[in-house]
Amino acid sequence: MHPTDTPPPLPRHRPLLDPAAEYGRWITERPLARITLWGDTHPWLVTRHEDARAVLGDARFSARNVRPGFPGLQPTPPPPTPGQLFSMDPPDHTRLRRMLIPEFSFRRVEQLRPAVRRITGELLDGLAAKGGPADLVEHFTLPLPLLVICELLGVPYADREFIHRHAAAFATVSAGPEAMRAGWAALFGHLRELLAAKAREPGDDLTSKLAVERVATGEATAEEAAGMLVQLLIAGHETTASMLSLGVVALLRHPDQLAALRADDGLVSGAVEELLRYLTIVHIGLRRVAVEDVEVGGVTIRAGEGVVVALQSANRDPAAFEDPDTLDLTRDAGRQLAFGHGPHHCLGQSLARAELQIALPMLFDRLPGLHLTGPPAEEHAFEGRAVHGVSRLPVAW
């Protein structure tokens, strides 16, 4: 490829509440075109909502990161990891995912709502007793989903600092492959030991059920079960913590929308969908590789060519959402793609919705007058992470 023809790089920087600026132009000028990930790696970038759904729902696009042509984030692909659902294809993906579906069903999540309310209330009690100012990430938006996922999985909350440290290392793209692998390995070893302990003394939690009903029966290996638990632990708190933090900022910066939310309890469910659409915290995009020639949006993607689906762009597509750059909590945002689409759509989406639906109204009700105490320069966006968010949120009330 001639140097002057090198495709533009995949955007890494983005404003706090909006997609990277390039997507606003590309969605009309080059909705499906090549980009540069690193070196001479030039996968296709999908920016439109319709094309994103087409790719994510098509079995001719593989999620296996060891396939030639897969658009990895590092020059050296990571070794295959047992139970890593997001990088597996059927039939193994289907077999393992089915083991987890009952624990994340709508019915099971509804049973968890009282626990989410209890945990939310306890954290807010602590904040109220402490008094402001405070870092909302440290005292609320991070511990809430971490406590909830630990309760669901049966992981001792005393392990939270260990878990968060290694989960953060794995989620930080800019940390490099060695740090990511070390983070995964640490969590994998820890949860492998927990599985063995639960097999000896099971409780009423997901880790115990995997140990007794799946590993002991031979339906899954202990390595597969530990790998699934690592993925659930990382995805189950990093993403929801980021959504909670950015959701607070978005509502504070749109006081008319916050007032509407506080005035109408019936608005909460739709408001969460709109916040998910508007913020779209999956920063790097979902990655696939074509296993045969596929036509998408009038472009033929050849077998062996990589694809990056930019969810933050698809959720701001004017062809799918009228006036997409406006936060409108009354909007019907039911087709938003923040949780992905197709067979790999987020397994824990019902739990994440429940946490957001409960935590945001309780936060603003319990801490009236909640406001940011630091200037925008003190809001630290994670530019090098696969998940967009803030590391600190100074507030008072």
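First, a word on scope: everything that follows refers to the structure included in this document.

Criteria and cut-off values
Residues numbered from 1 in each chain as written. Predicted model: local features only at pLDDT ≥ 70, side-chain atom pairs only at ≥ 80, totals over all residues. Heavy atoms only, no water. Phe/Tyr/Trp six-rings, centres within 6.5 Å; stacked < 30°, edge-to-face > 60°. Lys NZ or Arg CZ within 6 Å of the ring centre and 35° of its normal. Pairing = 2+ DSSP bridges. Helix = DSSP H or I, 4+ residues; strand = E, 2+ residues; numbered from the N terminus. Buried < 20%, exposed > 50% of the residue type's maximum accessible area, 1.4 Å probe, protein only. Contact = heavy atoms within 4.5 Å. Axes fitted to C-alpha atoms, helices over the stretch in contact; angles between N-to-C directions.

1. So, the packing of aromatic side chains
With the rule as written, the count across this model stands at 1 aromatic pair. One Lys or Arg, arginine 30, reaches over the ring of tryptophan 26 and ends 4.9 Å from the middle of that ring. Lying over the aromatic face of phenylalanine 321, arginine 277 brings its terminal NZ or CZ to 5.3 Å of the ring centre.

2. What about the sheet that holds strand β4 (residues 134-135)?
Backbone hydrogen bonds hold the strands of a sheet together, and the pairing may be parallel or antiparallel. The antiparallel open sheet is built from 3 strands, whose spatial order is β4-β10-β9. Strands with a single pairing partner mark the edges of an open sheet, and in this sheet they are β4 and β9 (371-372). As judged from the 2 bridges shared by β9 and strand β10 (residues 394-396), these two strands associate in the antiparallel manner. Note that in β10 the partner of leucine 372 across the bridge is valine 395.

3. Quick word on the pairing of strand β8 (residues 306-309)
Alternating positions in β8 separate into two faces, Gly306 and Val308 on one and Val307 and Val309 on the other, with burial throughout. The pairing of strand β2 (residues 44-46) with β8 spans 3 bridges and is classified as parallel. In the sheet register, tryptophan 44 faces β8, and the bridge partner there is valine 307. As paired elements, strand β5 (residues 286-290) and β8 share 4 bridges and run antiparallel to each other. For arginine 287, the partnering residue across the bridge sits in β8 and is valine 308.

4. Considering the sheet that holds β5
Taken in spatial order, the 5 strands line up as β1-β2-β8-β5-β3 in an open sheet, and their pairing is mixed. Two strands close off the open sheet at either side, each with one partner strand: β1 (32-34) and β3 (61-62). The strands touched by helix α2 (residues 49-56) are β1, β2, β3, β5 and β8; relative to β8, the strand with the most contacts, the crossing angle is about 125 degrees.

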